[in-house]
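Analysis of the macromolecular model
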Amino acid sequence: MTLVLSGLTKAYGGLRVVDNVSLSVPSDGLVGVIGPNGAGKSTLFSLATGFLAADSGTVSFDGRDLTAVAATGRARAGMVRTFQVPREFTHLTVRENLMAAAPGQAGEGLLAVFFRPGAIAAEERAIAARADETLAFLRLDAVAATPAGRLSGGQKKLLELGRALMTGARLILLDEPFAGVNPVLIEELSARIRDLADRGVGFLIIEHDLRALTRLVSTLHVMDRGRLIASGAPAAVLAEPAVRDAYLGGAAA
Amino acid sequence: MTDLLELAIAGLMSGLVIGLAALAVTLVFGIARFANAATGDTMTLGAYATLGGTAATGSLIAGGAIGILAGAAAGVIAYATVFRKLERRSPVAALLASIGVGFVIRAGLGLVYGHGQQVFQLPLVRPWRVWGIRIQPTDLEIAAAALATLAAVFLILHATPIGRQMRAVADDPDLARVSGIAPRRVMIALWALAGGVAAVAGCLLGIKTVVAPEMGWDMLLPAFAAAILGGIGHPVGAVVAGVLLGIAQETATPWVGFTYKIALSFAVLLLVLLVRPRGLFGRIEGVR
Amino acid sequence: MSIDRRQTLAGLAGTLALPLLGRSAFAQGAGTFRIGALNPVTGSGSPYGTGMQKMILAAAEMVNAAGGAGGRMFEVFAEDTQTNPQAAVLAAKKLIEINKVQAILGTWASGVSLAVIPLTNDAGAILMHTSGAPALSVAPSNAKGLGYRFQATNDRFGRAFAEIAQKEGFKRPATMAFNNASGIGNTEGFRKAWEAKGGKVLEAVVYEPNQPSYRAELQKVLAAKPDVIVTGSYLADTTIILREWFQTGDATRWIIPGWAANPDLVKALGPDVTEGLFSVDSISNEEAPSFQMYDAAYRKAVGQPGLSNVYGAMTWDMVVTLALAMEAAGPGADVAAINAKMRDVANPGGTKVYSFAEGKAALKAGKINYEGASSILDFDAAGDVTPDFGVSVISKGKIERRYVTKI
């Protein structure tokens, strides 16, 4: 098991926004989380990645307990999240956006440019190669030299995914990746995510687009008012009456 | 016609020097997000340091290197002692602080070197005649130095990791931080770079004219004008604007006269901004 | 931080009370006469400013040692104009309002004196300066007659330039002037005098300060093919212009004011560029005993010969003339009474004296005529003097006096 969330709880005042939630994501798993608005899904992400500190419960990743580790530490450990509204460096090219996300450029300051030009050039080539690989994988190579601000919404989502990949993440938490994206691009995105899962990258995905999500993930969790109310194979979960009541408002899907 | 061409060349040379100063201004404005009024005095520091270095080593190149290091050091020290503490405050606070920093540098130089002028003792040569136009070899050397500095800056900005990080911070500081770009290291690199560029501009200005404690401060307004005209935060724009203003100023003198040529460059600035408020190369910045 | 109304009113009342406080605490005692030494310690006048200031202090000490003037001792307050009108005005305000000086001595640049004289006029104080701008002689600047000029006006400089140009046989002059009262005063004075001799100025260029290059301005002047260029300029711009001129290869001569064509210029440009330049300055009253006294004091205070700083002789004379006028006006005289005696003690008629001690003693017997270290100090109706001019030529890197021109 790559990611194990155990008994995570977060309360604001008397209100339990996340209430004793446990789930796990295997190393090549595709796991989805759904629920009505305000169910605590995004907060769960923040607890998992360390942007918020949990009141109780543990987070472990690859056997390592990360509960006490800060967000940057968890990112470095290989767990990265994206945001609902994609953000990119508008004036840098797509390739440069990817290169900027690559870690390991720590230690290269201005002095290094003058004293170790060879090492810097070599490192640049390596990072550029990885970026080009990622671009090809995401089918974004056509816009490699375009300023990222000019991309369409869907392309920006792919870029967001690409930046997460460049960090070398092995578990990516996607927050509504299909929101506002046209169906063709949803197919594209899903295909890429599946490919990555085949390569051993795990995904935990929050989504509202049930059709797209159920076709992608192998496990589905449902949250309502902070609690997990159902978990299992997507079709089975969606058929449960509790889920229909909570999420679908009782009406037929 | 040859007269006009010679004026244009003179304007090009002055414009390159002002353009370098504008580059230093625009780098800081783009990445640290405020107008650095200490740029002029960093120029002056660079000129004095180059003078001292040349006297000590006997070589202008070595002296220039020392000047650049002095400018870079001044930039980093100013950042560490003053501007870092003001990062969370408004840009006006930083601007006022930069005026103070400039004043300290200027006063220090006056104390150490006195207020009389100093000059670079360079051999004087007659101009070359190319198709009847007089071209000063020293001018060509100055232009070459300016262009080399520009090339170095662009190389750093576009072909190195730290340069890319600087541009990322200029683009979106929050996203840069979240992406794992260490702000401290980027800022130190920025201030060193801007300080070094200002030092080169000051050294070139000193070679063209004289070195005195007020020389850089007096050039601040044209440098800012060129930075704004080029589009604040846009390095290429700053240099192009500097050259444009220089040429416009000098070539207009047969009609406008020498006293009003300065007014002319500000008139050009005004006109361009009326038609295109973001400057020649500037981008429309959204406010997040 | 919020300030409530009571605090604001209290604060305002406090500031209003300050001047009253000042006046009572620092009332002009019967024993002292306060003067301000306002000189260009920094800025383009800095080669001269420190020496000027030291001479004011030395002369004041000398007067005090001789028993004071009109029963009073001098108290000197020294400030720096930075050769900048804005800074000078701030310093003058401080001298007048806080130090309560009744005379300000030794402003050097025309822009500075023009900015300061309205303040001294309003305060009823005397201003003694070494500036050249003709405007300082007439209303509104000198409407009250409290201004005294110890240097030749730029106009007179221009006339001297014209005499020299004629004497040297030049026929086709052009001018280059720094865009301020002094520079333009020089070249306008030249033009008027030259045209009065029946000549014509081929080209007159006015240039702005702090430019990265003067190529365009030089081009315009040289296009008229002059045989001499007369300037109203300062050291920095002269350095740049001459350097650029030399590199054009053009063979024209130059007549330049002495404050620009000085040893610093030679040091900056070298003997080749400066060979044959005419350097013109008003000269001190070098034969007179008063000059010897000044020279001794200058050597003691600065370690240089008195000849090296014509303005030092002027500020020395300022103190002595003021002291003699105070002595003539009698004990407890106010500024108006002292001012009325200025020409009495300096202009022709009466015993010639060359020092304060000499003058103080001679006053007991009758009228005196102080012949100063800087000039014979005959003030005309506008408070201006007419010194002689020394014409030097820079030859092999040395500035050599060739002759003296009188106008």
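In this text, all values refer to a predicted model and were calculated from it rather than measured experimentally.

**Some remarks on the overall build of chain B**
The number of helices and strands found in chain B is twelve helices and two strands. The secondary structure elements of chain B, listed N-terminal to C-terminal, are α-α-α-α-β-β-α-α-α-α-α-α-α-α. Taken over the C-alpha trace, chain B has a radius of gyration of 19 Å; the compact-globule value for 288 residues is 19 Å, and the two agree within 12%. Each of the three principal axes of chain B carries a C-alpha extent, and together these read 60 × 50 × 35 Å. Within chain B, the fraction of its 288 residues that count as buried is 55%.

**Side note on the interface of chain A and chain B**
Facing the 21 residues of chain A at the interface are 24 residues of chain B. With both chains or domains summed, chain A and chain B bury close to 2100 Å², and 59% of this area falls on carbon and sulfur atoms. Its largest share of buried area at the contact with chain B, chain A owes to A:Arg87, A:Phe89 and A:Leu110, together 31% of the area lost on that side. Counting the contacts that link chain A with chain B gives four salt bridges. Close ionic contact of A:Arg87 with B:Asp172 constitutes a salt bridge, the shortest N to O distance being 3.0 Å. Inspection of the chain A/chain B interface yields five residue pairs in polar contact (both at pLDDT 80 or more). Broken down by secondary-structure element, the contributors of at least two residues to the side of chain A that touches chain B are α3 (94–101), α4 (110–115) and α5 (117–137) of chain A. Grouping the constituent residues of the side of chain A that touches chain B by class yields nine nonpolar, five polar and seven charged.

**Observations concerning the arrangement of the chains**
By contact count, the dominant pairing among the two pairs of chains in contact is that of chains B and C. Kept free of each other, chain A and chain C leave a smallest C-alpha distance of 31 Å between them.

**Describing the UniProt feature "transmembrane region" (unreviewed entry) in chain B**
Residues and elements named next belong to chain B. On the UniProt side, "transmembrane region" (unreviewed entry) is annotated at positions that read residues 7–35, 55–80, 92–115, 135–157, 186–207, 219–248 and 255–275 here. Annotated as 92% helix and 0% strand, the span residues 92–115 places its first and last C-alpha atoms 30 Å apart. Here residues 186–207 runs as 100% helix and 0% strand, with 32 Å between its end C-alpha atoms.

Conventions and cut-offs
- Residues numbered from 1 in each chain as written.
- Chains lettered and ligands numbered in written order.
- Predicted model: local features only at pLDDT ≥ 70, side-chain atom pairs only at ≥ 80, totals over all residues.
- Heavy atoms only, no water.
- Helix = DSSP H or I, 4+ residues; strand = E, 2+ residues; numbered from the N terminus.
- Rg over C-alpha atoms; globule rule 2.2 N^0.38 Å.
- Buried < 20%, exposed > 50% of the residue type's maximum accessible area, 1.4 Å probe, protein only.
- Contact = heavy atoms within 4.5 Å.
- Buried area = accessible area lost by both parts, 1.4 Å probe.
- Salt bridge = Lys/Arg side-chain N within 4 Å of Asp/Glu carboxyl O.
- Polar contact = N/O pair within 3.5 Å; in protein donor to acceptor, adjacent residues only side chain to side chain.
- Nonpolar A, V, L, I, M, F, W, Y, C, P; charged D, E, K, R; others polar.
- UniProt positions renumbered as here; feature names shortened; annotations may be inferred.

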